[in-house]
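Overview (structure and organization)
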Amino acid sequence: MIEKEQQQIFEDWLSQHKGLIFKIVRAYTFTVVEQDDLFQEIIIQVWHSVPKFRGEASVITWLYRISLNTAIKWTKKERKHYQSETLEGVQHILQESRMQTDERLIWLYEEIYKLDEIDRSLTLLLLDGFSYKEMASIIGITESNVGVKINRIKKQLISKSKKHDHYGI
Amino acid sequence: MEFEELRKIWDAQNDQPLYAINEKAMYNLILSKKKQAHRITNISELLIIIVYIITGSFVLGMNLFDQSSNISMYVLCAWMLGSAFFMLVNRIRRINGDNQFDRSMSGDLDHAISVATYQVRISQIMLWNILPIGALTILSLWEGGKPIWIAMVVLLFFALSYYAGGWEHNIYKRKKRELEVLKNKLDNAG
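As the structure is a computational prediction, the values presented were derived from the model and not from experiment. (Residues numbered from 1 in each chain as written. Chains lettered and ligands numbered in written order. Predicted model: local features only at pLDDT ≥ 70, side-chain atom pairs only at ≥ 80, totals over all residues.)

This part covers the overall build of chain B. Across its full length, chain B carries five helices and one strand. Listing each helix as α and each strand as β along chain B from the N terminus yields α-β-α-α-α-α. Every one of the 190 residues in chain B was classed for burial, and the buried ones make up 22%. Pairs at least 24 residues apart make up 82% of the contacts formed inside chain B by residues separated by at least 6 positions. (Helix = DSSP H or I, 4+ residues; strand = E, 2+ residues; numbered from the N terminus. Buried ≥ 20, exposed ≤ 12 C-beta atoms within 10 Å, placed from the backbone. Contact = placed C-beta atoms within 7 Å.)

Another aspect to go through is the overall build of chain A. Across its full length, chain A holds seven helices and one strand. In chain A, the succession of α and β elements from N to C terminus is α-α-α-β-α-α-α-α. Taking all 169 residues of chain A together, the buried fraction comes to 32%.

A few words now on the environment of Tyr132(A). Residues and elements named next belong to chain A. Mapping tyrosine 132 onto the fold places it in helix α6 (residues 132–139). Owing to 18 C-beta atoms within 10 Å, tyrosine 132 belongs among the partly exposed residues under this scheme. For the pair tyrosine 132 and glutamate 143, spaced eleven residues apart in the sequence, the C-alpha separation amounts to 5.8 Å. Leave out the neighbours within four places in its chain, and tyrosine 132 touches Glu143, Val146 and Gly147.

The next point concerns the confidence of the model for chain B. Residues and elements named next belong to chain B. Per-chain confidence: chain B averages 82 in pLDDT, with 85% of residues scoring 70 or above. Here strand β1 (residues 19–21) stands out as the least confident element of chain B, with mean pLDDT 74; helix α3 (residues 71–97) is the most confident, with 90. Two numbers describe this predicted complex: its pTM, 0.56, and its ipTM, 0.78. (pLDDT = per-residue confidence, 0-100.)

Running from N to C, helix α4 (residues 103–114) of chain A and helix α1 (residues 3–12) of chain B cross one another at 105°; their axes reach a closest spacing of 9 Å. In this view, α4(A) runs roughly perpendicular relative to α1(B), as classed from their interaxial angle. Across the interface between the two elements, Arg104(A), Leu105(A) and Leu108(A) of α4(A) pack against Leu6(B), Ile9(B) and Trp10(B) of α1(B). Considering only residue class, the contact of α4(A) with α1(B) consists of five nonpolar, no polar and one charged. (Axes fitted to C-alpha atoms, helices over the stretch in contact; angles between N-to-C directions. Parallel < 35°, antiparallel > 145°, perpendicular 65-115°, else oblique. Nonpolar A, V, L, I, M, F, W, Y, C, P; charged D, E, K, R; others polar.)

Looking now at the packing of helix α5 (residues 117–127) of chain A against α6(A). Residues and elements named next belong to chain A. Two numbers describe how α5 lies on α6: the axes approach to 10 Å, and their chain directions differ by 140°. Seen from above, α5 lies across α6 with right-handed handedness. Side by side, α5 and α6 meet where Ile118, Ser121, Leu122 and Leu125 of the first sit next to Met135, Ile138 and Ile139 of the second. Considering only residue class, the contact of α5 with α6 consists of six nonpolar, one polar and no charged. (Left-handed = near helix turned anticlockwise from the far one by under 90°.)

Here we take up the environment of Ser32(B). The residue Ser32(B) is located in helix α2 (residues 23–66) in this model. Sequence separation between Ser32(B) and Ala112(B) is 80 residues, and the spatial gap between their C-alpha atoms is 9.9 Å.

All names here are of chain A. Among all positions of α6, only Glu134, Met135, Ile138 and Ile139 are buried. Relative to the axis of α6, the buried residues are bounded by an arc of 120° and lie together on one face. Glycine 140 lies just past α6 and shows a positive phi near 90°. (Arc of directions from axis to C-beta.)

Our next topic: the nonpolar core. Residues and elements named next belong to chain A. In this structure, Ile24, Phe39, Ile42, Val46 and Leu125 are the most contacted members of the largest nonpolar core, which totals 52 residues. With nine residues, the top contributor of residues to this core is helix α1 (residues 3–28). Two domains each provide a minimum of three residues to this core, namely domain 1 (1–81) and domain 2 (100–169). (Core = buried A, V, L, I, M, F, W, Y, C linked by C-beta atoms within 7 Å. Domains from an automatic or database assignment.)

The predicted model of chain A averages 81 in pLDDT, with 83% of residues at 70 or higher. Here residues 83–89 of chain A is a poorly scored stretch, pLDDT under 50, and it has four contacts once near neighbours within four places are set aside; other chains count.

For helix α2 (residues 32–49) of chain A, spanning 18 residues, the distance from its first C-alpha to its last is 26 Å, which sits close to the expected 26 Å at 1.5 Å a residue. Every buried residue of α2(A) is accounted for by Glu34(A), Gln35(A), Asp36(A), Asp37(A), Leu38(A), Phe39(A), Ile42(A), Ile43(A), Val46(A) and Trp47(A). (Expected span 1.5 Å × (residues − 1).)

Attention shifts here to the environment of Trp79(B). All names here are of chain B. Take tryptophan 79: it is sitting in helix α3. Distance from tryptophan 79 to leucine 136, taken between C-alpha atoms, is 9.2 Å for residues 57 residues apart in sequence. Among all residues touching tryptophan 79, those that are not within four sequence positions of it are Pro132, Ile133 and Leu136.

Dropping the structure here:
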């Protein structure tokens, strides 16, 4: 694949699916510094992945696979470096949208963030409507394992949402 | 809330992006990457020129002092001084080309990519240059009737230099790739 072709594909993917990356960045990070770093890391990995894409899965599935793998690796290796950093005087590439965000969505992201890395990935895929088979293929675990985990996650989220409703937040 | 409600809340965000890309911050990142690339380029160029001039002159001086008839040694010193000259010409051309880029964010990034491309090219040439220099050195040792173990030690030294050169070349390639990714991000931000 020539570089120009790679660049064109990368640009198309980014312009059409950057929202997908934003969701993963948001779910896997806590501070703006982290958001910025993970976003850059995912973008670099997506760029490298373009020549390897054979069209066996959809672009969305492919991007999810790359981005989630990167986010999981990043969480394990890199996150600790950012825990002590302050936010003052730092300029960031990513800026949170000024649009009014639904309180319930903020709550949902907070709950997703509390899950472990794999459950976080499964929750994102579940909310974006992936099948168990697709989730198993993306995460690299069996379909039955996906089923067990999803049932547990669903119950957990529903139970917490009821408490959330109860306190009227 | 039931799960379907959670999904509806989730789906609603698809209509409004969570983030915007801060072009100013990206610009600063580009500038810092550019400065870093410039500093590394300057140091590597000067180092290569100085090392080739010193070693080439040293070999030439030794040959003249010993009134040696070892042809490989003369070829070797000519090759080294030629390499220093080649590097000097490339450095001058690079500095002259610095003003060809406009001061926009995109122009700055194009400039940084151009410097990175230059680094990748030069490091590749210098890597290949180890081969003729190594061959000429071994040849001159053989011509001078030196023991085989000296030739082996020299060969090992050149093998290590080649490995280190390859490692450096890969660093430059990775840095260039990062800049290209930034350029793509910038193109998509607009």
